[in-house]
Number of protein chains: 2
Amino acid sequence: MSEESNAPSAAILIIGNEVLSGRVQDANVNFIAKKLVAHGIRLREVRVVPDIEKEIVDAVNALRSRFSYVFSTGGIGPTHDDITAQSMATAFGVPLIVHPEAKKRLEAYYGDQITPARLLMARTPEGAVLIDNPSTIAPGFRFENVFVMAGVPSIMQAMFDSFIDGLAGGPAILSRTVLCKIPESLIAEELGELAQNFSDVDIGSYPSFRVGNIGLALVVRGVDEKRLDEATKALAKLVQTHGGDPKIE
Amino acid sequence: MSEESNAPSAAILIIGNEVLSGRVQDANVNFIAKKLVAHGIRLREVRVVPDIEKEIVDAVNALRSRFSYVFSTGGIGPTHDDITAQSMATAFGVPLIVHPEAKKRLEAYYGDQITPARLLMARTPEGAVLIDNPSTIAPGFRFENVFVMAGVPSIMQAMFDSFIDGLAGGPAILSRTVLCKIPESLIAEELGELAQNFSDVDIGSYPSFRVGNIGLALVVRGVDEKRLDEATKALAKLVQTHGGDPKIE
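Residues numbered from 1 in each chain as written. Chains lettered and ligands numbered in written order. Predicted model: local features only at pLDDT ≥ 70, side-chain atom pairs only at ≥ 80, totals over all residues. Heavy atoms only, no water.

A. The arrangement of the relation of the copies chain B and chain A in detail. Between chain B and chain A, which share one sequence, the superposing operator has a rotation angle of 180° and an axial displacement of 0.0 Å; the RMSD is 0.0 Å. On this basis, the relationship between the two copies can be described by a two-fold rotation axis. Considering only C-alpha atoms, the residue of chain B closest to the rotation axis is B:Arg47, which sits at 2.2 Å. In this assembly the copies share their binding face: 100% of the residues contributing to the interface of chain B also contribute to that of chain A. (Least-squares fit on C-alpha atoms with pLDDT ≥ 70 in both. Contact = heavy atoms within 4.5 Å.)

Written out as structure tokens, the structure reads:
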């Protein structure tokens, strides 16, 4: 990556048997990834692990020491397979407690229908700060640089939006895309030279194939708008040289 | 997981700046996950890493030592950002060579339009076995328990289908789903007891929320059809006890 390396970095940890079993296709990574780009935070790794405490503990400890922020999704509900809060407490080496404010919110929401199972959703590692859940009340939580959210996309999104503006970011990562219909192998050598001349931006080459139609997206990413525009122009010219009809997006 | 632990396991390694940047939503994990379920192979972890050699090397070495199979996607094309073959050779501690059969295939396909860039797609770690690419010729490769495939979904799928039937699997993992519209917190305690009584199958609880509509999917997974049916019936009865109208899928 040619972007400045002191920009904040992030990892996503998906706690999800349902993703590993193929029952659902994860949608949370793409939502978070796009928001991080706009906020100038570099998403550097994603892991999906099963609902097994040791796997969650090992993954979150590996990620929180390497990256500025870790965003986890899944496993914070009231049922037997929701082991995220307990696993995070183990990972952080602190007790799992009933968070007084979370308990208050759940009691206010459920009234006389509060049950021990519903109160399980008030558990956090000791020292955690709540993340609001405007949708179904049961909160997520932040502990140091780890943000623990629900797995249901609509709830995760509401939680994420509630804190992202408060996080330190870097300059937004801008991108330009040059679309054409020529095979990438035709321009690969010249593209490599061009990428070297523009080593201060990232240039990616992404082919697609649909029923006999070749598509190619050349994507320029970086923080300097002027250099981005120069690289984009150079790419469009390279495509034209090879008889392609570049479209800039 | 209550499934037998000696069944073959697997991890997926997505090499993809385009997923981390949010440009595309990965579709390869869900395709592979579903196929592995049918084949009796347990998908235990997914990682997405950037197009950086050290990240790829560290991830593939961590995964190939822990799981029966590792399936990687992305980064095997002809352009400057395609560093998977080189990174895999580094991870395996063997030289990167031009694979004679791959070279032959590419020369036959491109004829007099063969170029040095196109021949880059013939590189594999020494000792690798080719994975056929019926779509665009440039092959993937297998090295020990690591399967290296293209990132473009249609090509990845063709590659995967070319070898999956030849891999040792276990008993297929079957599943039943009980759908209803009651909040999971209402049945959480009884569900936990039920899950303990059926500790030989996995029971997951997955809520959904769409514009005021609560949905709940109770998913039973395991290899013993009889126990699956018994657990499914018990779940349906539990839902009915709480005034829900269970639908079994």
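Now that the structure is up, let's keep going.
B. Structural view of the sheet that holds strand E3 (residues 69-73) of chain B. What the twelve strands build is an open sheet, ordered E6(A)-E7(A)-E8(A)-E3(A)-E1(A)-E2(A)-E2(B)-E1(B)-E3(B)-E8(B)-E7(B)-E6(B); its pairing is mixed. Single-partner strands in this sheet number two, and they are strand E6 (129-131) of chain A together with strand E6 (129-131) of chain B. Neighbour-to-neighbour, the strand axes of this sheet turn through a mean angle of 20°, independent of strand direction. Bridge count for strand E1 (residues 9-15) of chain A against strand E3 (residues 69-73) of chain A is five bridges, and the pairing is parallel. Pairing of A:Ile12 across the sheet is with A:Phe71, part of E3(A). On top of the sheet, helix H4 (residues 84-92) of chain B reaches strand E1 (9-15), E3, strand E7 (140-143) and strand E8 (146-149) of chain B; it is set at about 165° to E8(B), its chief contact. (Pairing = 2+ DSSP bridges. Helix = DSSP H or I, 4+ residues; strand = E, 2+ residues; numbered from the N terminus. Axes fitted to C-alpha atoms, helices over the stretch in contact; angles between N-to-C directions.)

C. Structural detail: the pattern of salt bridges. By the definition in use, this model includes 34 salt bridges over all chains. A salt bridge links A:Arg105 to A:Glu101; the nearest nitrogen and oxygen atoms lie 2.9 Å apart. In this pair, A:Arg105 and A:Glu101 both sit in helix H5 (residues 100-110), four residues apart, roughly one turn of the helix. For A:Arg105, a relative accessible area of 26% translates into the label partly exposed. If you follow the salt bridges from partner to partner, you end up with A:Arg44, A:Glu45, A:Arg47, A:Arg66 and B:Glu55 in one network. (Salt bridge = Lys/Arg side-chain N within 4 Å of Asp/Glu carboxyl O. Buried < 20%, exposed > 50% of the residue type's maximum accessible area, 1.4 Å probe, protein only.)

D. How the structure looks around the environment of B:Val60. Residues and elements named next belong to chain B. Tracing the sequence through the fold places Val60 in helix H3 (residues 53-66). When its relative accessible area of 0% is taken as the criterion, Val60 is described as buried. With twelve residues separating them in the primary sequence, Val60 and Ser72 have C-alpha atoms 8.5 Å apart. Among all residues touching Val60, those that are not within four sequence positions of it are Leu13, Val70, Met88, Ala91 and Val146.

E. The arrangement of the interface of chain B and chain A in detail. Counting from both sides, the interface comprises 62 residues of chain B and, opposite them, 62 residues of chain A. Between chain B and chain A, roughly 4,900 Å² of surface is buried when both sides are summed, and carbon and sulfur atoms account for 55% of that area. The largest per-residue losses of area from chain B upon contact with chain A belong to B:His80, B:Tyr206 and B:Phe209, which jointly make up 12% of the total buried on that side. In this assembly, chain B and chain A are joined by four salt bridges. A salt bridge links B:Arg66 to A:Glu55; the nearest nitrogen and oxygen atoms lie 3.0 Å apart. Between chain B and chain A we count 16 residue pairs in polar contact (both at pLDDT 80 or more) in total. Looking at the side of chain B that touches chain A, the element that brings in the most residues is helix H8 (residues 184-197) of chain B, giving eight residues. (Buried area = accessible area lost by both parts, 1.4 Å probe. Polar contact = N/O pair within 3.5 Å; in protein donor to acceptor, adjacent residues only side chain to side chain.)

F. Representation of the nonpolar core. If you look at the biggest cluster of nonpolar residues, it comprises 98 residues, and the most contacted ones within it are A:Phe71, A:Met88, A:Phe160, B:Phe71, B:Met88 and B:Phe160. Contacts of B:Phe71, omitting those with residues within four sequence positions, involve B:Ala10, B:Ala11, B:Ile12, B:Leu13, B:Ile32, B:Leu36, B:Phe147, B:Met149, B:Phe160, B:Phe163 and B:Leu167. (Core = buried A, V, L, I, M, F, W, Y, C linked by side-chain atoms within 4.5 Å.)

G. Structural detail: helix H2 (residues 28-39) of chain B. Residues and elements named next belong to chain B. If you check H2, its first and last C-alpha atoms are 17 Å apart, about what twelve residues at 1.5 Å a residue would give, namely 16 Å. With nine of twelve residues buried, H2 is to be regarded as a mostly interior element. Within H2, burial applies to Asn28, Val29, Asn30, Phe31, Ile32, Ala33, Leu36, Val37 and His39. At the C-terminal side of H2, Gly40 shows a positive phi close to 75°. (Expected span 1.5 Å × (residues − 1).)

H. Structural detail: the packing of helix H8 (residues 184-197) of chain A against helix H9 (residues 225-241) of chain A. All names here are of chain A. Packing of H8 against H9 brings their axes to within 11 Å, and their N-to-C directions diverge by 160°. Considered as vectors, H8 and H9 are oriented roughly antiparallel to each other. Note on packing geometry: the crossing formed by H8 with H9 is right-handed. Of the residues in H9, those in contact with Ile187, Glu190, Leu191, Leu194 and Asn197 of H8 are Arg227, Ala234, Leu235 and Leu238. Per-class residue counts for the contact of H8 with H9 are six nonpolar, one polar and two charged. (Parallel < 35°, antiparallel > 145°, perpendicular 65-115°, else oblique. Left-handed = near helix turned anticlockwise from the far one by under 90°. Nonpolar A, V, L, I, M, F, W, Y, C, P; charged D, E, K, R; others polar.)

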